[in-house]
Amino acid sequence: RKAYMKHVDKIYKQSEISWFTPVELFKPWYAHGIAEAIMRTANLSVPLKIYEIGGGSGTCAKGVMDYIMLNAPERVYNNMTYISVEIQSLTGRDTERNCWTSF
C-alpha cells in the first residue's frame, strides 16, 4: 500500500489534473489487461469491433490497440475497428491526437 500511495502521489505532483482514472495511473498495464480480456473472449475469426464510452484523452484506446498490435494475429489488428464515443469535442481531438501519433 505504501508503494502504491507513493506512486499515486508522484503522478499527481507531476500534473495539474485533480483526478485520474486507473487507466491513467497504471498505463499501459491497465489497458493491456483490458485488451487481454477482449482477446480471450472475442471471436477473433470475425473483424473485431471495440466501443469505448468516454474515451477521454485516448490512453486506454492507445494501450488496447498497442497490445492487440503486438499480441494478436496481424489480420486481427489490421481489420479491427475502435470507436471512442466522447461528448466533449476538445477531449475528442485529444483522443485522436494521442491515439494516432504512434501509428
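In the nomenclature of an unreviewed UniProt entry, the protein chain corresponds to Protein arginine methyltransferase NDUFAF7 from the organism Citrus sinensis. One UniProt comment on the protein chain, placed under Sequence similarities (unreviewed entry), says "Belongs to the NDUFAF7 family."

## Side note on the packing of aromatic side chains
A complete count under the given rule lists two aromatic pairs for this structure. With a centroid separation of 5.9 Å and 25 degrees between ring planes, the pair formed by Y4 and F26 is classed as stacked. Remark: F26 occurs in the loop between α2 (22-25) and α3 (29-41) and Y4 occurs in helix α1 (residues 2-13); sequence separation between them is 22 residues. Y4 gets classed as partly exposed once you look at its relative accessible area, which sits at 38%. Between Y12 and F20 the ring centres are 4.9 Å apart and the planes differ by 65 degrees, which places this aromatic pair in the edge-to-face class. You can call Y12 partly exposed: its relative accessible area is 24%. A relative accessible area of 11% places F20 in the buried class.

## Section: the nonpolar core
Counting 19 residues, the largest nonpolar core has L48, I50, V64, I68, M80 and Y82 as the members making the most contacts within it. For this core, the element with the highest residue contribution is helix α4 (residues 59-71), accounting for six residues. With residues up to four places along the chain from it excluded, the contact list for L48 reads I38, A42, I68, V76, N79, M80 and T81.

## As for the environment of V76
You can see V76 is positioned in helix α5 (residues 74-79). Remark: the alpha-carbon pair of V76 and S45, spanning 31 residues in sequence, is separated by 8.1 Å. Contacts of V76, omitting those with residues within four sequence positions, involve L44, L48 and I68.

Here is what the cut-offs are and how they apply
Residues numbered from 1 in each chain as written. Predicted model: local features only at pLDDT ≥ 70, side-chain atom pairs only at ≥ 80, totals over all residues. Heavy atoms only, no water. UniProt positions renumbered as here; feature names shortened; annotations may be inferred. Phe/Tyr/Trp six-rings, centres within 6.5 Å; stacked < 30°, edge-to-face > 60°. Helix = DSSP H or I, 4+ residues; strand = E, 2+ residues; numbered from the N terminus. Buried < 20%, exposed > 50% of the residue type's maximum accessible area, 1.4 Å probe, protein only. Core = buried A, V, L, I, M, F, W, Y, C linked by side-chain atoms within 4.5 Å. Contact = heavy atoms within 4.5 Å.

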